[in-house]
Amino acid sequence: MEENATKEQGRVYEIGFHIAPIVGDENVAHEVSGIKALLEKAKVEVVSEDFPRLRALSYPLSKKIKGAKKIFTECYFGWVKFEVNPEAIREIEKEVEKLENVVRFLIIKTVKENTLYGAKFAAKERMSFKKPDVVKKDEPKVEVDVVEVDKAIDDLIVE
Amino acid sequence: MKSQQCFFKQNNIQHIDYKDIDILKRFINPHGRILAKKRSGVSAKNQRNLALAIKRARFMALMPFVAR
């Protein structure tokens, strides 16, 4: 897809992951630092990241944690974009697989630049639903003579 | 000349991200299936990348495999 990386620079990859909700809000940072420690061991250069946020899943995910199968309908989803030598990526994958509280993860090739446009479009669409101004500028204003109108109404009533 | 149909070209989106659910949602039908390029109006190259992004989003449970 995007072959802009040279061998010395490494390639840009992204790991997206779901952390099990059983860890709780306060321990999410600890889990993330666990993942980042693995990445640092592989000598990566972090490009950008998003801290995991609890979100509902489209379908339940299951994972065996401490010998018991657990089913989750919501997870903390976060991602880290990083640059690394392509040879190290298999090793990272194997290490992340061993992490118990990572329910599911995905490593993809990507680009350094920001690739998220969704928020921008959501805002744009909200703007487009705004009602257009009712006043038309082109139409000439018609002066209404109140007395004349009253007279016309009276005439109609008499008839 | 025919005007530009492709959503991604119109909005100058170079890279289709699987995390961008707000955008991907436009290209699935109520059952969660990917719209054909005939219906989506997306260029052939972007349609391939779009399909890949939707499949990745499905794997990560950000989008449904089947709905309804």
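Up top is the structure.
As a starting point, this report considers the structure included with it.

Parameters at a glance
Residues numbered from 1 in each chain as written. Chains lettered and ligands numbered in written order. Predicted model: local features only at pLDDT ≥ 70, side-chain atom pairs only at ≥ 80, totals over all residues. Helix = DSSP H or I, 4+ residues; strand = E, 2+ residues; numbered from the N terminus. Rg over C-alpha atoms; globule rule 2.2 N^0.38 Å. Contact = placed C-beta atoms within 7 Å. Buried ≥ 20, exposed ≤ 12 C-beta atoms within 10 Å, placed from the backbone. Pairing = 2+ DSSP bridges.

Looking at the overall build of chain B
- A count of helical and extended segments in chain B gives 4 helices and 0 strands.
- Counting from the amino terminus, helix and strand elements in chain B follow one another as α-α-α-α.
- For 68 residues, the compact-globule estimate of 2.2 N^0.38 gives 11 Å, and the C-alpha radius of gyration of chain B, at 12 Å, lies within 12% of that figure.
- Overall, the C-alpha framework of chain B stretches about 40 × 20 × 15 Å when taken along its three principal axes.
- Of the contacts formed within chain B by residues at least 6 apart in sequence, a portion of 68% connects residues at least 24 apart.

Let's talk about the overall build of chain A
- Of the regular secondary structure elements, chain A holds 4 helices and 4 strands.
- Going from the N terminus to the C terminus, chain A shows its helices and strands as β-α-β-β-α-β-α-α.
- For chain A, with 159 residues in total, the buried portion stands at 18%.
- Pairs at least 24 apart in sequence give 78% of the contacts found in chain A among residues at least 6 apart.

What about the pairing of strand β2 (residues 45–65) of chain A?
All names here are of chain A.
- For β2 and strand β3 (residues 68–84), the ladder comprises 14 bridges, and the chain directions are antiparallel. In the sheet register, L61 faces β3, and the bridge partner there is F72.
- The antiparallel pairing of β2 with β3 creates a hairpin that spans 2 residues between the two strands, and K66 there sits at a positive phi of about 50°.

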